[in-house]
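# Secondary and tertiary structure notes
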Amino acid sequence: MLRRRWVGASSSTSPKATSHAVAAIASYRKARNRLPGLAVPKSTTPTTKLPLTFPGQLAQSTVRGYATQKQATAYIHGKEPYDVEKVRHDFPILKRIINGKPLAYLDSAATTQKPRDVIDELTRFYNEYNANVHRGVYKISEEATAAYEEARAKIARLINASSPSEIIFVRGTTEAINLVAQSWGRTNIGLGDGIILTEMEHHSNIVPWQLLAKERGAHLKYVGLTDDGHLIHDDFRLHLESGGIKLVTMTHVSNVLGTINPVREYVREAHKQGCPVLVDAAQSVPHIPVDVRDLDCDFLAFSGHKMCGPTGIGVLFAKKTQLEEMPPYHGGGEMIREVHLYESTWKDSPYKFEAGTTNIAGAIGLGKAVDYVSELGLRNIQGHERELTEYAHDRLGKVKGIRIYGPENPGTKAGVISFNLGDVHAHDMATLLDEDGIAVRSGHHCAQPLMERLGVSSTTRASVYLYNNEEEIDRLAESVKRAGRIFKI
Amino acid sequence: MSSIYSEIILDYYRYPRNKGSLPRAQIHARDTNPLCGDVVEMQLELDERNIVKDVKFNGQGCAISQASASMLTELVKGKTVDDVRKISKEDVLSLIGGQLTAVRLKCALLSLKVLKTGVYDYIGSTDATKEEPSIL
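Only a predicted model underlies this, so the values are computations on that prediction, with no experimental measurement involved.

## Here we look at the pairing of strand β1 (residues 27-33) of chain B
All names here are of chain B. For β1 and strand β2 (residues 38-46), the ladder comprises seven bridges, and the chain directions are antiparallel. Within the sheet, the bridge partner assigned to aspartate 31 lies in β2 and is valine 40. If you look at the hairpin formed by β1 and β2, you'll find four residues sitting between the two strands, and glycine 37 has a positive phi there, around 80°.

## What about the domain arrangement of chain A?
Note on interface size: it is often stated as the accessible area lost on association of the parts. Residues and elements named next belong to chain A. According to the domain assignment, chain A consists of domain 1 (15-113 + 377-489) and domain 2 (122-372). Listed by partner, the interface residues are 31 residues for domain 1 and 31 residues for domain 2. Those elements that provide at least two residues to the side of domain 1 that touches domain 2 are α15 (378-397), β14 (416-421), α17 (448-454) and β17 (459-463). Broken down by element, the side of domain 1 that touches domain 2 gets its largest block of residues, five residues, from α15. Residue composition of the side of domain 1 that touches domain 2, grouped by class: 14 nonpolar, ten polar and seven charged.

## Considerations on the sheet that holds strand β8 (residues 277-280) of chain A
All names here are of chain A. Reading across from one edge, β4-β10-β9-β8-β7-β5-β6 is the order of the seven strands in this open sheet, with mixed pairing throughout. Of all strands in the sheet, those with a lone pairing partner are β4 (167-170) and β6 (219-223), marking the two edges. Averaged over all neighbouring strand pairs, the angle between strand axes comes to 20°, with direction disregarded. Contacting β5 (194-198), β6 and β7 (245-251), helix α9 (residues 207-216) crosses the sheet at an angle of about 145° to β6.

## Structural notes on the nonpolar core
All names here are of chain A. If you look at the biggest cluster of nonpolar residues, it comprises 158 residues, and the most contacted ones within it are Ile159, Val279, Phe299, Leu300, Leu316 and Phe317. Domain assignment of the residues forming this core places at least three in each of domain 1 (15-113 + 377-489) and domain 2 (122-372). Setting aside residues up to four positions removed in sequence, leucine 300 forms contacts with Ile159, Val279, Ala281, Val292 and Phe317.

## Overview of the packing of helix α1 (residues 7-14) of chain B against helix α2 (residues 63-76) of chain B
Residues and elements named next belong to chain B. At their nearest, the axes of α1 and α2 sit 8 Å apart, and the two run at 85° to each other. Accordingly, the angle class assigned to the pair α1 and α2 is roughly perpendicular. Side by side, α1 and α2 meet where Ile9, Leu10, Tyr12 and Tyr13 of the first sit next to Ala63, Ile64, Gln66, Ala67, Ser70 and Met71 of the second. Residues belonging to the contact of α1 with α2 are distributed by class as follows: eight nonpolar, two polar and no charged.

Parameters and conventions
- The residue count restarts for each chain, going from 1 along the sequence in the order it is written.
- Each chain is given a letter, starting from A, and each ligand a number, starting from 1, according to the order in which they appear as written.
- Only residues with pLDDT of 70 or above have their local features reported here, since the model is predicted, and side-chain atom pairs are shown and tallied only from 80 upward, although totals for entire chains, interfaces and linings are computed over all residues.
- DSSP bridges decide pairing: two strands pair if at least two such bridges lie between them.
- For the purposes of this entry, the term helix denotes a DSSP run of H or I that reaches at least four residues, the term strand denotes a run of E that reaches at least two, and both are numbered from the N terminus.
- All domain edges in this entry derive from an automatic or database-based domain assignment.
- By the criterion used throughout, residues are in contact when their C-beta atoms, derived from the backbone, lie within 7 Å.
- Three residue categories are used. Nonpolar comprises Ala, Val, Leu, Ile, Met, Phe, Trp, Tyr, Cys and Pro, charged comprises Asp, Glu, Lys and Arg, and polar comprises the others, including Gly.
- Note on geometry: axes are C-alpha line fits, over the in-contact stretch for helices, and angles between N-to-C directions span 0 to 180 degrees.
- Nonpolar cores are built from buried Ala, Val, Leu, Ile, Met, Phe, Trp, Tyr and Cys residues. These are joined into a set through C-beta atoms within 7 Å.
- Three exposure classes are used. Buried residues have 20 or more other C-beta atoms within 10 Å of their own C-beta, exposed residues have 12 or fewer, and partly exposed residues fall in between, all C-beta atoms being placed from the backbone.
- The scheme is simple: roughly parallel for angles under 35 degrees, roughly antiparallel for over 145, roughly perpendicular for 65 to 115, oblique for anything else.

See below:
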């Protein structure tokens, strides 16, 4: 899960930086603890004193670029601790007052808030260089095309793809998975073939395969879960060895439990059997360093709106060798080389898969979002979220009658905390938290098979991102306690 | 902000009145709220004058959906089928009291939707949603 290309530059100063991501986090935290600034207890930071006017200059004057991992390493080595209060100033929506209290947004696993940079770039696109891409020969069309392709290149660098041509713009994770199911799947999966999934998949990584399996006469095999929300490796091995498996498709990080799956190991084992792997990275790419060449996955899907980008734009990464063999998913303009009355030829990927006018503004906005998270540094973001998750487990774990689902050690999971309190239904919990200005998700989180496995109809889910702070976790814990008092738990 | 979760709602949630089933019910309907996973089932037993002799509900879900279903059973007992048909969403909301958000209105009104579906099926009309187009 390393981004060798970027980290390499700093490896001379810290050999740890090139080791496993977990080690990187450990060294980051150790470095943080050595900082004199951190000797001050966190609770004394002025968490509630947001300035009345938004300090746009602050965000815009800093350099947003690709050499950002160097900056991230600088953070780790103690130049500057992760300053969440500074980050919060970049998000105008965090100034909102809900039911008389400041918004505590703890639903980033559903969608994240947008920094001023991204919002401004969307406005700038429409105000200054809105034009269709790849076709116009005039100035603003060239500008739009350059920005659109630059965004593609930024994404390729973010996940360490070999080339921008491996990056296909889609609407989101759901469309990316459907694209693979319909294009790759209908070509490669036939009668009696098997597809391996896991019991912790989001519906978007179940239903497209059910549709395909029904059409092709294939069957689905599920890797089960332990009680603390980890995949049962033996299940995977048994399925893989049972023969006829043509694809493994699995989530990188569970959107309900926060479990981080050992995708790299699974990919290796699948490849030994000649079986490609799709990774649903909707909950990983925004939160932890993801390197597609290190994972060696064949396909990887994620959404822009879950990583500070606009809605309606997402990414399918696929290895060039796969893309070359895959037929188009949608037919139309932009994706063709030549069209005749009865037959046509296609452009090379990625354009073969981008029929019609795509979400140009969305792609450019996502490019800006990639700049934003890259500048903060994915490892710093992961470290920050991990601290918050540990803090939330600690605070919520002390509430009488609470049950937290998933891995017991918050240090090994992503920033997703699913819980139930006594017999308080998740929707009642979410309504009570909303009364205190706290936004969480409640329900089955588009993972009904997982809910069945957990033996519950729903959970309340708090999920954190780069802008959340400990004060919001304190408020969450206090509000959950209040719900407990109202329901007499 | 005053909470929607009054003592009354919580009492009906914890100690539901008329929960169970009626084997001889003439009216029987069930529905779910896919958003929340709330399930409500309503059974009504009528006498020869079409008066609700007994009523039971069954289900699972949030406090609002389950308490409102229980309250609704108390409201319909002793009423004629025609009177049951005329129960409005305002009647149900006044039982619950407090302000509900649009999403939670669906929880509150699920039991009424189920009840009306059953009643309309019984009296022979199929359009149960005619009277509540905005919510149900």
